[in-house]
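Residues per chain are reported as follows:
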Amino acid sequence: MAQYELLLPKMGESVAEATVIKWVKHPGDMIGLDDTILEIATDKVDSEVPSPVAGRLVKQLFQENDVAQVGEVIAIIETEGDDDSQQNEAEPTAVVEDVKPEPIPGIEQLPEAAPVQKSDISVGDRFYSPLVKSIAAQENISIEELNSIKGSGAEGRLNKDDLMAYIGSKKGGAPGAISDDTKSEPKQFSNAASIQASANKTTTTSVSGGDEIIEMDRMRKLIADHMVMSKTTSPHVTSFVEADVTNMVLWRNKVKNSFEKRENEKITFTPIFVEAVAKAIKDFPMINVSVNGSQIIKKRDINIGMAAALPSGNLIVPVIKNADQLNLVGLTKAVNDLAGRARNSKLKPDETQGGTFTLTNVGSFGNVMGTPIINQPQVAILAVGAIKKKPAVLETEHGDVIAIRHMMFLSLSYDHRVVDGSLGGMFVRRVADYLEAWDLNREI
C-alpha cells in the first residue's frame, strides 16, 4: 500500500489560503477518482476539492474552520500499489505549481444529497461522480435522462452544479438572471421569488409571538463582518448627480439587435457605465487608491468590480481587470461572462480579488439612488440608479423648452480620510459628463 499526500490546490494568482468548511469524506471512507473530499472557502467563493487518486482516506490534517495555505498537505490517502509507482502516477498533482484540479467554485454550496442506500443508476460509458449519481437516484433521474444533460466539466463531464441547474429548470425553479439593465420594469424583479425561496430554505426557529430566529449562513456572516468593518474604517460621505442619459439609451436601443447578431452577446448598460468610470478614473487617479495606515497607495491598474446580487439574496463582486484597456465590445463580453458565471457559481477565487473601484447597479431593483458602503480596501464606490423618463428643461437656441428625457441618479460614496468633497464631487460629475455626451452615431 502507498500513501498519497493531498495538497491544497492553487486557486488563483492572488489566493494564498483557504478555510476548510466541510469534510465530505472522513477517515476510513473509500474514495474514487475525482470524488469530492472536502469543501473550502476563499472570501466569498466556495470550492470543492476533488481527489486525484482512488483509495481510502487515512487522515485529515485540518479541522473544519481551520485555515490552510496553498500547497500544504491537507489529507493522507492510502492507495493501491507501491510508493514509487503511485508517486509517479500522481506526480502532476503532487507539486503545487502543477496542481490543476477542476474544483467547482461557487458562492454558496448546494445542499448535500441524503445518502442513498442503493442506486439503480447505471452509468454506462460516461463517468459520473458518486455525488452526481446519488442526487440523480434521489431525484429519480434515469441513466438515459442523465446522459442527455450537457456537462460543463472536463471533456463534457457532468458535475453537481450542472445537475442541480437541470433539476431546477425541470421544476421551474431556475434562479432568476442578474439584471444589468437599469430600467425599473416589472421583469427586472423576476428573481425576487427566487430570493425569497432561498431565504425560506434557511434554518429557522419559531419563537413566541410568531417571530422566527434565522441563523445567518456563512456568506451572510462574511458580508456582515465586511460591511461593519468598512463603516468602522472609513468615514463615509456620499455625493449625488442627476444625469441626462437620453442619448445613451437611444443609442443602445438602436444597436442592441445588430450587436447581438454580430457578437452573439447582449449589450447592457453596465459595460457603458464601466467605460465611463474607467475614463473618469484616468482623469482623477486619486480615486483609484487604498489606505495603509498613514500611507496612500496609488494603484497602477484600473480593476473595476461590479457588485452582483445573487438569487440567494447575497452579493458578490467579480472584478474586470484592466478595464481601461478594453473597448466596449471587450467590456461587454467581460461583463456578460462574469455575471453569467456568478449566477451559476462558476467564478474562480482570483476573479473576486484585486478590485480598485466598485460599481453597483441599484437601478436593477427599481431604486432611483443609493448610498452604498465602500468595498474595503478601496476608497470609493459608485451606485447607478434606475433610468426614468422625466420632463426636463432644455436650453435651445430658440429658448428653454420642456422635453421628456431619460434621467438617472449617480451616487458616489467615498472615504473622507483621503477623498475630499471636491474630488468626490468632481469625479461623479465627470462620470455623468461622459454618459451625457454619448455619441448617437458611435460605431461599435
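Residues numbered from 1 in each chain as written. Predicted model: local features only at pLDDT ≥ 70, side-chain atom pairs only at ≥ 80, totals over all residues. Heavy atoms only, no water.

Enquirer: Please set out unusual backbone geometry residue by residue, giving values where relevant.
Expert: In the segment running from Gln-376 into Pro-377, the intervening peptide bond is cis, with an omega of 5°. One can find Pro-377 in the loop between strand E17 (357-361) and strand E18 (380-384). Positive phi, normally seen in glycine, also occurs at Asp-34, with a value near 75°. You can call Asp-34 partly exposed: its relative accessible area is 26%. At Asn-65, a residue that is not glycine, the phi angle is positive and equals roughly 80°. Along the polypeptide, Asn-65 turns up in the loop between strand E6 (55-60) and strand E7 (67-69). (Helix = DSSP H or I, 4+ residues; strand = E, 2+ residues; numbered from the N terminus. Buried < 20%, exposed > 50% of the residue type's maximum accessible area, 1.4 Å probe, protein only.)

Enquirer: With reference to specific residues and values, describe the nonpolar core.
Expert: If you look at the biggest cluster of nonpolar residues, it comprises 60 residues, and the most contacted ones within it are Met-248, Leu-382, Leu-410, Phe-427 and Leu-435. Contacts of Leu-410, omitting those with residues within four sequence positions, involve Ser-239, Phe-240, Val-241, Ala-243, Leu-382, Ala-383, Val-384, Val-428, Val-431, Ala-432 and Leu-435. The next biggest cluster of nonpolar side chains, apart from the first, holds 19 residues, and it includes Leu-6, Leu-8, Leu-57 and Phe-62. (Core = buried A, V, L, I, M, F, W, Y, C linked by side-chain atoms within 4.5 Å. Contact = heavy atoms within 4.5 Å.)

Enquirer: Give me the packing of aromatic side chains: which residues, what numbers.
Expert: For the coordinates displayed, the defined rule picks out three aromatic pairs. Between Arg-252 and the ring centre of Phe-269, over which it is positioned, the NZ or CZ distance is 4.6 Å. (Phe/Tyr/Trp six-rings, centres within 6.5 Å; stacked < 30°, edge-to-face > 60°. Lys NZ or Arg CZ within 6 Å of the ring centre and 35° of its normal.)

Enquirer: Residue-level account of the pattern of salt bridges, with values.
Expert: All chains considered together, the criterion is met by 15 salt bridges. Close ionic contact of Arg-417 with Asp-415 constitutes a salt bridge, the shortest N to O distance being 2.7 Å. Arg-429 is paired through a salt bridge with Glu-436; the nearest N and O atoms lie 3.0 Å apart. Here the salt bridges do not stand alone but share partners, grouping Arg-262, Glu-263 and Lys-333 into one network. (Salt bridge = Lys/Arg side-chain N within 4 Å of Asp/Glu carboxyl O.)

Enquirer: Before we move on, could you go through the sheet that holds strand E8 (residues 73-79) and cite the residues and values that matter?
Expert: With antiparallel pairing, the four strands of this open sheet are ordered in space as E1-E8-E6-E3. Each edge of the open sheet is held by one strand with a lone partner, namely strand E1 (2-7) and strand E3 (30-31). Across four bridges, E6 lies against E8 in antiparallel orientation. Looking at E8, one finds that Gln-60 is bridged to Ala-75. (Pairing = 2+ DSSP bridges.)

Enquirer: Please provide a residue-by-residue account of the confidence of the model for the chain, values included.
Expert: In this model, the chain carries a mean pLDDT of 81, and residues with pLDDT of at least 70 account for 77%. pLDDT under 50 marks residues 84-123. Its contacts with residues more than four places away, or in other chains, come to 97 contacts. Overall, residues 173-179 carries pLDDT values under 50, and its contacts beyond four positions in sequence, including any with other chains, amount to 21 contacts. (pLDDT = per-residue confidence, 0-100.)

Enquirer: Quick rundown of the pairing of strand E12 (residues 289-292)? Include the residues and the values.
Expert: With four bridges joining them, E12 and strand E13 (residues 295-298) adopt antiparallel strand pairing. Each bridged residue has a counterpart across the sheet, and for Asn-292 the counterpart in E13 is Gln-295.

Enquirer: Break down the side chain of Ser-364 for me, citing the residues and quoting the values.
Expert: With respect to the element layout, Ser-364 can be found in the loop between E17 and E18. Of note is the side chain of Ser-364, whose polar atom sits 2.9 Å from the backbone oxygen of Asn-361. (Polar contact = N/O pair within 3.5 Å; in protein donor to acceptor, adjacent residues only side chain to side chain.)

Enquirer: I'd like a rundown of the sheet that holds strand E4 (residues 36-42), residues and numbers included.
Expert: Pairing is antiparallel in the open sheet, where four strands are placed in the order E5-E4-E2-E7. Of all the strands in the sheet, just strand E5 (45-50) and E7 have a single pairing partner and so form its edges. Averaged over all pairs of adjacent strands, the angle between strand axes in this sheet comes to 40°, irrespective of strand direction. In this structure, strand E2 (residues 17-23) lies alongside E4, joined through four bridges in antiparallel fashion. From the neighbouring strand, Trp-23 faces E4, where its bridge partner is Leu-38. (Axes fitted to C-alpha atoms, helices over the stretch in contact; angles between N-to-C directions.)

Enquirer: Could you give an account of the packing of helix H9 (residues 270-283) against helix H11 (residues 421-436), with specific residues and numbers?
Expert: When two helices pack together, their arrangement is given by the angle between the helix axes and the distance between those axes. Contact pair H9 / H11: the axes reach a minimum separation of 9 Å and the direction vectors enclose 130°. Between H9 and H11, the angle falls in the class oblique. Considering how the two elements wind past one another, H9 and H11 form a crossing that is right-handed. Each of Ile-272, Phe-273, Ala-276, Val-277, Lys-279, Ala-280, Ile-281 and Asp-283 in H9 lies in contact with H11, whose residues at this interface are Phe-427, Arg-430, Val-431, Tyr-434 and Leu-435. In the contact of H9 with H11, the residues fall into ten nonpolar, no polar and three charged. (Parallel < 35°, antiparallel > 145°, perpendicular 65-115°, else oblique. Left-handed = near helix turned anticlockwise from the far one by under 90°. Nonpolar A, V, L, I, M, F, W, Y, C, P; charged D, E, K, R; others polar.)

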